Amino acid sequence: MANVTFNHEPVTLEGPELKTGDKAPDFTAVSNELKDVSLHDFKGKVKLISVVPSVDTGVCSEQTKRFNEEADKLDNVQIITISMDLPFAQGRFCAANGISHLEILSDHRDADFGKKYGVLMKELRLLARAIFVVDSDDNITYAEYVSEVTDHPDYDLALSEAKKAK
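So, here is what we can say about the structure in this document.

### Here we look at the overall build of the protein
Next, step 1: Along the backbone of the protein there are 4 helices and 12 strands.
Next, step 2: The C-alpha radius of gyration of the protein comes to 14 Å, within 12% of the 15 Å expected for a compact globule of 166 residues.
Next, step 3: Taking the principal axes of the C-alpha coordinates as reference, the protein spans close to 40 × 35 × 30 Å.
Next, step 4: Burial analysis of the protein (166 residues in total) assigns 54% to the buried set.
Next, step 5: Contacts in the protein between residues far apart in sequence, at least 24 positions, make up 68% of those at least 6 positions apart.
Next, step 6: Roughly 7,600 Å² of accessible area belongs to the protein as shown, and the carbon and sulfur atoms make up 48% of that amount.
Next, step 7: Measuring between centres, the 19 positive side-chain charges of the protein sit 3 Å from its 29 negative side-chain charges.

### Quick word on the side chain of T64
Next, step 1: Structurally, T64 can be placed in helix α1 (residues 58-71).
Next, step 2: For T64, the side chain forms a polar contact with the main-chain oxygen of C60, separated by 2.9 Å.

### A word on the environment of D138
Next, step 1: On the secondary structure map, D138 appears in the loop between β11 (130-134) and β12 (140-145).
Next, step 2: Spatially, the C-alpha atom of D138 lies 25 Å from that of K65, the residues being 73 residues apart in sequence.
Next, step 3: Non-local contacts of D138, meaning those with residues more than four positions away in its chain, are made with D22, K23, A24, L39 and K47.

### A closer look at the environment of L120
Next, step 1: Locating L120 in the fold gives a position in strand β9 (residues 120-121).
Next, step 2: When its relative accessible area of 4% is taken as the criterion, L120 is described as buried.
Next, step 3: Setting aside chain neighbours within four positions, we find L120 in contact with T12, L13, E14, M84, A111, G114, K115, R125, L126 and L127.

### Some remarks on the pattern of salt bridges
Next, step 1: Counted according to the given criterion, the structure contains 8 salt bridges.
Next, step 2: With a shortest N-O distance of 2.7 Å, K47 and D138 are connected by a salt bridge. Taken together, the residues span a long stretch of sequence, with K47 in strand β6 (residues 46-51) and D138 in the loop between β11 and β12 at a distance of 91 residues.
Next, step 3: What makes K47 buried here is its relative accessible area of 0%.
Next, step 4: Among the salt bridges present, the one from D112 reaches K116, with a minimum N-O distance of 3.2 Å. With D112 and K116 both in helix α3 (residues 112-116) and 4 residues apart, the pair spans about one turn of that helix.
Next, step 5: Assessed through its relative accessible area of 16%, D112 is described here as buried.
Next, step 6: With a relative accessible area of 34%, K116 lands in the partly exposed category.

The rules behind these values
Residues numbered from 1 in each chain as written. Predicted model: local features only at pLDDT ≥ 70, side-chain atom pairs only at ≥ 80, totals over all residues. Heavy atoms only, no water. Helix = DSSP H or I, 4+ residues; strand = E, 2+ residues; numbered from the N terminus. Rg over C-alpha atoms; globule rule 2.2 N^0.38 Å. Buried < 20%, exposed > 50% of the residue type's maximum accessible area, 1.4 Å probe, protein only. Contact = heavy atoms within 4.5 Å. Areas by Shrake-Rupley, 256 points an atom, 1.4 Å probe, with all protein chains shown as cover. Lys, Arg positive; Asp, Glu negative; His and termini not counted. Charge placed at Lys NZ, Arg CZ, Asp CG, Glu CD. Polar contact = N/O pair within 3.5 Å; in protein donor to acceptor, adjacent residues only side chain to side chain. Salt bridge = Lys/Arg side-chain N within 4 Å of Asp/Glu carboxyl O.

As structure tokens, this is what we get:
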């Protein structure tokens, strides 16, 4: 299990810590259109999965905006942002911030993604900040569990790994 803190207080992450070389678990989350979406829906593409606690907070907002700006520069890479926010709140955030180049998903229903990717903070029922790059064969080629949830991930390294993945 990854060692993660939230506001410098340790939190318990539910689920396994995934590493480079692991098979990416399939998951079900909810789109802004209230449709079920799974990893399988992005079959054949490289996936950069950006995990945030809530798009309505400063670092999460910046992270989502940064990956939205980078999305058009990546060939055959689908950027997915996932949080526990309700789809309605995610939709409002996307509309207000011009987020249109990535897929944004909600894990609010049963935390399926959070439990399978080891990012569900038990004490808060929020997702810990993390980045996963998954290749077109659904193998994890990069995983970053940000040690302090209020810190930024390594954007440049994640984007570099997404560009290298096949």
